[in-house]
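# A structural walkthrough
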There are 2 protein chains.
Amino acid sequence: MPSNRPKTGSPQAPSLAARDAFTESPWRASRERLRDREIKREAVIRAAARAFNRKGYHNTSLDDIAAALEVTKPTVYYYVSNKEQLLFECFVAGIEGIRAAFREARSLEAPARERLKAVLRHYAASVASEFGWCMVRAEDQDLSPDMSGHIKAMKSEIDQGIRRLLREGIHDGSIHPCDPKMTAFALAGALNWIAHWYRESQGMTGSQIADAFITVFESGLQPRPEIPHEDPTCRKPKSSSSRPGARRSARSRAPSRR
Amino acid sequence: MPSNRPKTGSPQAPSLAARDAFTESPWRASRERLRDREIKREAVIRAAARAFNRKGYHNTSLDDIAAALEVTKPTVYYYVSNKEQLLFECFVAGIEGIRAAFREARSLEAPARERLKAVLRHYAASVASEFGWCMVRAEDQDLSPDMSGHIKAMKSEIDQGIRRLLREGIHDGSIHPCDPKMTAFALAGALNWIAHWYRESQGMTGSQIADAFITVFESGLQPRPEIPHEDPTCRKPKSSSSRPGARRSARSRAPSRR
DNA sequence: TAGAATGGCTACTGGTGAGTATGGTCCAGA
DNA sequence: TCTGGACCATACTCACCAGTAGCCATTCTA
């Protein structure tokens, strides 16, 4: 039903997640002529994402979303067919970033662990984005079986992608042998959970969090014997903004128990 | 506002999580005389937990819960002051298992990593319990500021407990040096996420999942030298980037909790 | 300038569900 | 047998909110 209308902008959905910080309501400007239906539609979806993020899906009414955009509810319905679709679109906007990460990683010439790390970095950034909440916390029960099915399929695609990278890494020797299924669950869980605690204010960006998590997941809790030499090939840029607790000089390293 | 009601049973919450598999509605038996208010109250809470787990908080009406118990809504209100309190009690029932795990671990004579593992095992079991959903997915926005505050405090207590174990482990050499905060986030995230995918039917118990996760977290993704094949790829940079806050003796501030 | 799109608003409907008023029943103790 | 209290049901109220009907305003097009 939608999108049978003269597109002035790009015909492709212009990566809602990518475009950033268009926080102003375009209706104001619209008074001065800026009628781009697609832009407005995106603004609706982004406003919904923010509201869901702040108050939860069920505690957000379409009146709230409309008010945030300084319009009325029927206007929102002019761009979107119902509330459920709104949630769905937010979800898709969020997950699209992750899917793109996989496509990108696929073209990378590097050991699987490096490709996995690249994916995880994008993953964390997506979860920390304004669509993170919707992507992670949208409940099956709030969606029609149809849309719920779509979402499950996309989630499964991501899951399988991680497992595949793990298997490849085990195979090419860049990843310690492990159970790909459970490892993927652990990785995805840790990353998804970011949506529960992350608030932009706190100063860490999504990829900084990702780097911290990657460190955790790479070295593991069990003490490692000293590492002989450094291999500069996989040194990350490491923005000098020192993360809290990058590394502590561990003294009195008792050789691993057990 | 809540809990201004004649308590006939024990005043303390009697570990709802512990008692198990009392799936039958006690009202039937009540026909034959079994008026134990506390038991019925627990049944209400457990029924709520199951319903929330299956349909989500907002998609569950008190009529649903009442129907599951074969009573009517006012009966539910006889035992519980409102829907929010129900959610809160479910949460508490879930988290109580984890708090108990910490108490237990504290008395253990073992390196911190072992104590941490013991906690994580209980943690996973709790998240996989019927109260897992409530514990993990209860949204702040669905609760009054008062109850939300309580919940945050309890969550923070768990978080701090994990961090402390990590610090102790780093100090006693049983845990590889890491950033306790981010590591705790990663651990908790992976475990909490269990509530999103776990279904009892799938054959794994909570502690089996925990063991699988522990393996993942212990060894890490990076190949370990002990492993047959030589690690051909990148080692982690391990730049000795000095943090501003240098090192703080983990022991100096003794665990002076409570 | 007329008429068609297009975009938006006011003012509604209908359903749902939290919470309650009220009253009946059963039981224990006097 | 009476009385009070514990327990539970019927049958409501009330508020909120998703979604819609229908009308008005502005802009585009011929």
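Residues numbered from 1 in each chain as written. Chains lettered and ligands numbered in written order. Predicted model: local features only at pLDDT ≥ 70, side-chain atom pairs only at ≥ 80, totals over all residues.

## Side note on helix 6 (residues 112-127) of chain A
Counted at 1.5 Å a residue, the expected span for helix 6 of chain A with its 16 residues is 22 Å, and the 22 Å between its end C-alpha atoms agrees. Taken across its 16 residues, helix 6 of chain A has 14 buried, putting it largely inside the fold. (Helix = DSSP H or I, 4+ residues; strand = E, 2+ residues; numbered from the N terminus. Expected span 1.5 Å × (residues − 1). Buried ≥ 20, exposed ≤ 12 C-beta atoms within 10 Å, placed from the backbone.)

## Some remarks on the nonpolar core
Judged by nonpolar contacts, the single largest core of 137 residues is most densely connected at Cys90, Ala124 and Phe213 of chain A together with Cys90 and Ala124 of chain B. The contact partners of cysteine 90 of chain B, leaving out residues within four places of it in the chain, are Ile45, Ala48, Ala49, Phe52, Phe131 and Cys134 of chain B. (Core = buried A, V, L, I, M, F, W, Y, C linked by C-beta atoms within 7 Å. Contact = placed C-beta atoms within 7 Å.)

## Some thoughts on the protein's contact with DNA strand D
Taken together, 20 residues form the shell around DNA strand D, and within it Ser61, Asn82 and Lys83 of chain A together with Thr72 and Thr75 of chain B come nearest. Of all elements in the fold, only helix 3 (62-68) and helix 4 (73-79) of chain A together with helix 1 (26-30), helix 2 (37-55) and helix 4 (73-79) of chain B reach the threshold of two or more residues within the surface near DNA strand D. In terms of residue count, helix 4 of chain B provides more of the surface near DNA strand D than any other element does, four residues in total. Looking at side-chain class alone, the surface near DNA strand D contains eight nonpolar, five polar and seven charged residues. (Near = placed C-beta within 6 Å. Nonpolar A, V, L, I, M, F, W, Y, C, P; charged D, E, K, R; others polar.)

## Regarding unusual backbone geometry
Positive phi, normally seen in glycine, also occurs at glutamate 70 of chain A, with a value near 60 degrees. Within the secondary structure layout, glutamate 70 of chain A lies in the loop between helix 3 and helix 4.

## Considering the protein's contact with DNA strand C
Taken together, the neighbourhood of DNA strand C is formed by 20 residues, with Thr72, Pro74 and Thr75 of chain A together with Ser61 and Asn82 of chain B sitting nearest. Counting residues per element, the ones that place at least two in the surface near DNA strand C are helix 1 (26-30), helix 2 (37-55) and helix 4 of chain A together with helix 3 (62-68) and helix 4 of chain B. Of all the elements, helix 4 of chain A adds the most residues to the surface near DNA strand C, at four residues. Partitioned by chemical class, the residues of the surface near DNA strand C number seven nonpolar, five polar and eight charged.

## Some thoughts on helix 8 (residues 145-172) of chain A
All names here are of chain A. If you check helix 8, its first and last C-alpha atoms are 40 Å apart, about what 28 residues at 1.5 Å a residue would give, namely 40 Å. If you check which residues of helix 8 are buried, you get Ile151, Gly161, Ile162, Leu165, Leu166, Gly169 and Ile170. Here the buried face of helix 8 lies against helix 5 (83-106), helix 6 and helix 9 (180-192). Just beyond helix 8, the residue with positive phi is glycine 173, at close to 85 degrees.

## Some thoughts on the packing of helix 5 (residues 83-106) of chain B against helix 6 (residues 112-127) of chain B
Residues and elements named next belong to chain B. One way to put it is that helix 5 packs onto helix 6 with a least axis distance of 9 Å and a crossing angle of 165 degrees. The angle between the axes of helix 5 and helix 6 places the two elements in the roughly antiparallel class. When the axes of helix 5 and helix 6 are compared, the crossing they make is right-handed. In this structure, helix 5 contributes Gly94, Gly97, Ile98, Ala101, Phe102 and Ala105 to the contact, and helix 6 contributes Arg115, Ala118, Val119, His122, Tyr123, Ala125 and Ser126. (Axes fitted to C-alpha atoms, helices over the stretch in contact; angles between N-to-C directions. Parallel < 35°, antiparallel > 145°, perpendicular 65-115°, else oblique. Left-handed = near helix turned anticlockwise from the far one by under 90°.)

## As for the environment of lysine 181 of chain B
All names here are of chain B. Locating lysine 181 in the fold gives a position in helix 9 (residues 180-192). Judged by the 16 C-beta atoms lying within 10 Å of it, lysine 181 is partly exposed. Considered as a pair, lysine 181 and arginine 163 are 18 residues apart in the sequence and their alpha carbons are 6.2 Å apart.

## Here's the deal with the confidence of the model for chain A
Residues and elements named next belong to chain A. In this model, chain A carries an average pLDDT of 79, and 73% of its residues clear a pLDDT of 70 or more. Within the model, pLDDT remains below 50 along residues 18-23, and this stretch shows one contact once partners closer than five positions in the same chain are excluded. In this model residues 228-258 is a low-confidence stretch, pLDDT under 50, and it forms 44 contacts with partners more than four residues away in sequence or in other chains. (pLDDT = per-residue confidence, 0-100.)

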